[in-house]
Amino acid sequence: MNRLLIVEDETSLTSVLQRGFEAEGMRVDVASRGDEGLRLALEGEYDAIILDIMLPGLNGYRVCAGIRAAGLWTPILMLTAKDGEYDEAEGLDTGADDYLTKPFSYLVLQSRVRALLRRASRGRPERIEVGDLVLETAARRCVRAGREIPLTAREFDLLAVLSRTPGTVVPKSALLEEVWDLPGEGDPNIVEVHISALRRKVDRPFPGKLLHTERGLGYRVLATDTGAAESVRDATSTR
Ligand code: CA
């Protein structure tokens, strides 16, 4: 059962949201003050948090920053009034995952929360290293040989999935499921197109090849460049 925390001081709104999400089978806790919301967020194990910005006690930015400072990566959706109280960049800076402007329809909020829950099941931020490639999933940064490489969201997710298990061949069907949320359907060509784009950005400008096609099986990421091989040799020879 998914656990949801709603931190919002408009009680008429919270009761509607609580009823709605409980009707969907979630367990919902409510806090009407920021400090209380932060305490609950740190104590409880929530799958997602809906967080208002203008709150008594502690504002939503501070609550969000406090949750992240404690090393908790529960997905957070921030609520804002239309009068421009909310600065999207500031919200995302403090570690929010999404935002929604009031007034909103319950259906829109519901679909955003579902999207957050899907993302949450993919786990906390990681730093993935393969050879001279570094992926930071929280910042969605891709760096190779010290050079930052801009990637689209799909390209990043695809590279991350492959890089988590270096050397292992991942079938196209598994990539369609993990990266595109299309289990058992979806066009495998979409994977090929994104692999080509990744090759142009991540492999071609560098001497060593990371992305390998295993014909008829799938793809794998493997560091085969001479630099990586040498550093492995160096490491073993000094022992
Ligand atoms: Ca408020």
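Residues numbered from 1 in each chain as written. Predicted model: local features only at pLDDT ≥ 70, side-chain atom pairs only at ≥ 80, totals over all residues. Heavy atoms only, no water.

Colleague: Provide a residue-level description of the sheet that holds strand S5 (residues 98-101), including the pertinent values.
Modeller: What the 5 strands build is an open sheet, ordered S2-S1-S3-S4-S5; its pairing is parallel. Lying at the two open borders of the sheet, with one neighbouring strand each, are strand S2 (27-31) and S5. Averaged over all pairs of adjacent strands, the angle between their axes in this sheet comes to 20 degrees, without regard to strand direction. One ladder, built from 4 bridges, connects strand S1 (residues 3-7) with strand S3 (residues 48-52); its direction is parallel. Paired with Ile6 across the two strands is Ile50, which belongs to S3. The sheet contacts of helix H1 (residues 11-23) involve S1, S2 and S3, and relative to S2 the element is tilted by about 165 degrees. (Pairing = 2+ DSSP bridges. Helix = DSSP H or I, 4+ residues; strand = E, 2+ residues; numbered from the N terminus. Axes fitted to C-alpha atoms, helices over the stretch in contact; angles between N-to-C directions. Contact = heavy atoms within 4.5 Å.)

Colleague: Tell me about the coordination of the calcium ion, and name the residues and values.
Modeller: Bound to the calcium ion on the protein side are Asp9 (OD), Asp52 (OD) and Met54 (O), at distances that span 2.1 to 2.3 Å. In primary sequence terms, the donor set of the calcium ion follows D-x42-D-x1-M. With Asp9 in the loop between S1 and H1 and Asp52 in strand S3, this residue pair connects regions lying 43 residues apart in the sequence. (Donors = N, O, S within 2.8 Å, 3.2 Å for Na, K, Ca; no water.)

Colleague: Go over the environment of Leu159 with me, naming the residues and quoting the values.
Modeller: Inspection of the secondary structure puts Leu159 in helix H6 (residues 153-164). Overall, the relative accessible area of 1% leaves Leu159 in the buried class. In this structure, the C-alpha to C-alpha distance between Leu159 and Val221, residues 62 residues apart in sequence, is 8.2 Å. Residues within four places of Leu159 in sequence aside, it is in contact with Leu133, Leu135, Cys142, Leu151, Leu198, Val202, Leu211 and Val221. (Buried < 20%, exposed > 50% of the residue type's maximum accessible area, 1.4 Å probe, protein only.)

As far as function goes, none of this settles anything; it's purely spatial.
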